[in-house]
Amino acid sequence: MEAPGEAEGAAGRRCRHPAAEMLDPPFLPFCILLGCLGFVCVAFVCAWCQHWHGGFALDGSTQTFNWHPVLMVTGMVVLYGAAALVYRLPSTWSGPKLPWKVLHGTLALAAFVLTVLGLAAVFRFHNDHGTPNMYSLHSWLGLVTVLLFSCQWLAGFSAFLLPWAPAWLRALYKPVHIFFGSTILLLSVASCVSGINEKLFFSLKNGTTEYKRLPAEAVFANTLGLLLLLFGLLVLGALARPSWKRPEADSADSCQPLLGAER
């Protein structure tokens, strides 16, 4: 699993204007800021479910459903975004690339596991209450995102970490992997934002707390949606910044598969 456009990044670093150098923020402070923003997103969704919807349980009740937004935000947005930025860390720019491949794949796998648990929570809640599954735009968008993520992880693992894939196939698949990586993050944010909106319409129905009256819960959850959107845009911006892209490595293990390594 690779980072996007290293060759272009190296060329960009050689030809940058001094003014661009001054306006280019360092990656590590940005990374710390982004990590704090991701933590705030998770804290917001936990507080929303705890304060306005009764907390968490595993008994099929509404509290079981509350695991769904928490796990999806944590997995499909925050952890997935962290996995996407592994190759932007300056410490990955030299030395063996294999450990960073493993870290990238492991973070993505952890995001996928949390996503599956989040789906299990919502299906359990719907089935226990006789609610139909997969009827809303949010559910369709979420399912497409999860299916694409499944294919992305399996294809990336097969191409970059197993010994069977030749170098030409990895080179051919790499831009596809990069494109769908960014696409899945966009779809994840869109799924979460549409889910927040759907949940608010369902929960704010009576005359005193109607959504259009903008009660405290609506303000809080809308803010969560904006924070998720900001997180996704910052991750995509970091991926697109040429000066933060990993230079092409000439080390032998830059194309070294996991199970083919003799270490």
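Provided above is the structure to which this section pertains.
Counting starts from 1 at the beginning of each chain's written sequence and moves along it residue by residue. With pLDDT at 70 or above as the cut-off, local features in this predicted model cover only qualifying residues; side-chain atom pairs require 80 or more to be listed or tallied, and sums for whole chains, interfaces and linings still use all residues. As a rule here, side-chain values come from all non-hydrogen atoms in the structure, and water together with hydrogens is ignored.

Enquirer: Tell me about the packing of aromatic side chains, and please be specific about residues and values.
Expert: Think of it this way: a Phe, Tyr or Trp ring, Trp meaning its six-membered ring, pairs with another when their centres are within 6.5 Å, and the plane angle makes it stacked under 30 degrees, edge-to-face over 60, tilted otherwise. Scanning the entire structure with this criterion turns up 13 aromatic pairs. Ring geometry for F27 against F30: centres 6.5 Å apart, planes inclined by 40 degrees, an arrangement best described as tilted. A residue pair is termed a helical-turn pair when its members lie 3 or 4 positions apart in one helix, as F27 and F30 do in helix α3 (residues 27–53) at three residues. The pair F27 / F30 is uniform in exposure class, with both members buried. Each ring, one from F30 and one from W244, has its centre 5.0 Å from the other, and the planes form 45 degrees; the classification is tilted. Each helix is a run of DSSP H or I of at least 4 residues and each strand a run of E of at least 2, with the numbering of both proceeding from the N terminus. For the exposure calls, accessible area comes from a 1.4 Å probe over protein chains only, and a residue counts as buried if that area is under 20% of its type's maximum, exposed if over 50%, partly exposed in between.

Enquirer: Which residues make up the side chain of H68, and what are the values?
Expert: In this structure, H68 sits in helix α5 (residues 67–84). Here, residues are in contact when the closest pair of their heavy atoms is within 4.5 Å. The residues contacting H68, other than those within four sequence positions of it, are G118, L119, A121, V122 and H138.

Enquirer: Requested: an account of unusual backbone geometry, with residues and values cited.
Expert: The phi dihedral of M134 is positive, around 60 degrees, even though this residue is not glycine. Within the secondary structure, M134 is located in the loop between α6 (98–128) and α7 (137–160). M134 sits in the partly exposed class, given a relative accessible area of 29%.

Enquirer: I'd like to hear about α5, residue by residue, with values.
Expert: An expected span of 1.5 Å times one less than the residue number is assigned to each helix. Over its 18 residues, α5 extends 24 Å from the first C-alpha to the last, a length consistent with the 26 Å expected when each residue adds 1.5 Å. Note that the bend at a residue is defined as the angle between axes fitted to the seven residues ending at it and the seven residues starting at it. Helix geometry: α5 is bent most strongly at T74, by close to 25 degrees. In terms of residue burial, α5 counts as a mostly covered element, since 15 of its 18 residues are buried.

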